[in-house]
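Here's the letter readout for the chains.
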Amino acid sequence: MTGGHLPPPSTDQYVALPDARLVTTQALLTARENLTDTIDARAMMCVHGGAGFGKTMAVTSCLRQLEPDEDIRRITFHARATTRAVRHELHTALELPGQPPRYASQFDHLLKNALATHPRTLVLDEAQWLQSDQLEYVRYLWDDPYTQLAVIFVGGEGCHQALTKEPMLSSRIFIWQRFTRLTRDEVLQTIPLYHPIWADADPDDITYADSRAAHGSFRNWARLTALTRTALKRTGRTRVDQEVLRWVFSKLASPH
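By convention here, each chain's residues receive numbers from 1 onward along its written sequence. Residues qualify for local features only when their pLDDT is at least 70, as the model is predicted, and side-chain atom pairs are given and counted only at 80 or more; totals for whole chains, interfaces and linings, by contrast, use all residues. Note that the side-chain values use all heavy atoms of the structure and ignore hydrogens as well as water.

(A) The arrangement of the overall build of the protein chain in detail. Counting its secondary structure elements, the protein chain contains eleven helices and six strands. The buried share of the protein chain, reckoned over its 256 residues, is 49%. We get accessible surface area from the Shrake-Rupley algorithm with a probe of 1.4 Å; when it comes to residues, only the shown protein chains can shield them. A total accessible area of about 12700 Å² is found for the protein chain, and carbon and sulfur atoms account for 50% of it. Distance between charge centroids for the protein chain: 6 Å, based on 29 positive and 29 negative side chains. Numbering of helices and strands runs from the N terminus, with a helix taken as a DSSP run of H or I at least four residues long and a strand as a DSSP run of E at least two residues long. Relative accessibility decides the category of a residue: with a 1.4 Å probe and only protein chains considered, values under 20% of the type maximum give buried, values over 50% give exposed, and everything between is partly exposed. Positive charge is attributed to Lys and Arg, negative charge to Asp and Glu, and no charge count is given to His or to the chain ends. Where a charge lies is defined by one atom per residue type: Lys uses NZ, Arg uses CZ, Asp uses CG and Glu uses CD.

(B) Expanded view of the packing of helix 8 (residues 184–194) against helix 9 (residues 203–214). Helix axes are fitted to C-alpha atoms over the stretch in contact, other axes to C-alpha atoms as well, and angles between N-to-C directions run from 0 to 180 degrees. Contact geometry for helix 8 and helix 9: axes closest at 10 Å, N-to-C directions at 115°. Relative to helix 9, the element helix 8 lies roughly perpendicular. In the crossing of helix 8 with helix 9, the sense of the turn from one axis to the other is right-handed. Facing helix 8, whose interface residues are Arg184, Val187, Leu188, Ile191 and Pro192, helix 9 presents Pro203, Ile206, Thr207 and Asp210. Residues of the contact of helix 8 with helix 9, tallied by class, amount to six nonpolar, one polar and two charged. Note on angle classes: values under 35 degrees are labelled roughly parallel, values over 145 roughly antiparallel, values of 65 to 115 roughly perpendicular, and the remainder oblique. Note: crossing handedness is left-handed where the near helix turns anticlockwise from the far helix by less than a right angle, and right-handed where it turns clockwise. Two residues form a contact once any of their heavy atoms are found within 4.5 Å. For this classification, the nonpolar set comprises Ala, Val, Leu, Ile, Met, Phe, Trp, Tyr, Cys and Pro, the charged set comprises Asp, Glu, Lys and Arg, and every other residue, Gly included, is treated as polar.

(C) Broad picture of the packing of helix 1 (residues 26–40) against helix 2 (residues 55–64). Packing of helix 1 against helix 2 brings their axes to within 9 Å, and their N-to-C directions diverge by 55°. Here helix 1 is positioned oblique relative to helix 2, judged by the angle of their axes. Classified by chirality, the crossing of helix 2 by helix 1 is right-handed. Counted together, Leu28, Ala31, Arg32, Leu35 and Ile39 of helix 1 and Ala58, Val59, Ser61, Cys62 and Leu63 of helix 2 form the full contact between these two elements. For the contact of helix 1 with helix 2, a count of residues per class yields eight nonpolar, one polar and one charged.

(D) Representation of unusual backbone geometry within the structure. The peptide bond linking Glu67 to Pro68 adopts the cis configuration, its omega dihedral lying at 0°. Checked against the element boundaries, Pro68 lands in the loop between helix 2 and strand 3 (71–76). Residue Glu95 is not a glycine yet carries a positive backbone phi of 55°. Structurally, Glu95 can be placed in the loop between helix 3 (83–93) and helix 4 (104–115).

(E) Molecular detail of the environment of Thr183. Structurally, the position occupied by Thr183 is in the loop between strand 6 (173–179) and helix 8. For Thr183, a relative accessible area of 41% puts it in the partly exposed group. Separated by 32 residues in sequence, Thr183 and His215 have C-alpha atoms that sit 8.8 Å apart.

(F) How the structure looks around the pairing of strand 4 (residues 120–125). Most of strand 4 sits inside the fold, with six of its six residues counted as buried. Burial along strand 4 is two-sided: Arg120, Leu122 and Leu124 facing one way and Thr121, Val123 and Asp125 facing the other are all buried. DSSP calls a pair of strands paired once it identifies at least 2 bridges connecting them. Of the strand pairs in this sheet, strand 3 and strand 4 are connected by six bridges, and their pairing is parallel. Looking at strand 4, one finds that Arg73 is bridged to Leu122.

(G) The arrangement of the environment of Arg84 in detail. One can find Arg84 in helix 3. Residue classification places Arg84 among the exposed positions, given a relative accessible area of 58%. Expressed as a C-alpha distance, the spacing of Arg84 and Tyr103, which sit 19 residues apart in the sequence, is 9.8 Å.

(H) View of empty space enclosed by the protein. Buriedness for pockets is judged along seven lines, at least five of which must meet protein on both sides within 12 Å for an open set on the 1 Å grid over protein atoms alone, while cavities are sets there where a 1.4 Å probe fits but cannot get out, and lining residues have an atom within 4 Å of a point. Grid points are joined across faces, edges and corners, and a volume is the space filled by probe spheres set on the points. Within the structure shown, the criterion is met by one cavity of 30 Å³ or more. Considered as a void within the structure, the largest cavity measures approximately 40 Å³ in volume. Taken together, Phe77, Val86, Leu90, Leu122, Leu124, Leu130, Tyr137, Val138 and Leu141 make up the lining of the largest cavity. Among the secondary structure elements, those contributing two or more residues to the lining of the largest cavity are helix 3, strand 4 and helix 5 (132–143). Here the lining of the largest cavity takes three residues from helix 5, the largest share from any one element. Its residues assigned to classes, the lining of the largest cavity shows nine nonpolar, no polar and no charged.

See the structure below:
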């Protein structure tokens, strides 16, 4: 797990991709509205969907706009965690002084007192790794009448399943938002704005790239764009075409 403040914008792309832009899709606009409403209500929200569909980037970019007025802390899970580990990550993310308490009751008292001092938003990324005990612990902290906490769960398809298996928690989720693949029309509207190499590309070539490799996934489009940018630089070409794209496809792990 890693915890702390929101990461800088330079880390939004999963690969280094100069000149990439954050495109205001309908999903991002909806997320911005939903996050604002959830935080205003000091409620809980679940953002879920398939890998690479832009959930974390959308949530992070929207929440950055609320800083510094809103105190936002994020914990990212990379494997199944214990409740003890979640307590320690909260201690780190909240930047609490001193050593973490040894006993659970003391630790809980410390965390609840800290969360009662002023409003905070807690983002739990890759939340599909949380199990029943850890989800119940988050609900326990949020339910305390003195904590001023908004909680944003972000995760893959398994996140929705994990939360709905916990009736005490799922009944308290204020807003659910599912991210899906970009449709063909959304690809044609979004990708020319996403990076300059696609700005003057033939729409048929963009559709070709999406159907053969990107499949409506922002993460796939980031990889595809980085490789296409490399291909243009190496060949001296200034415009994407299907010959360039076939070279890019040859670099991908599975045949297309």
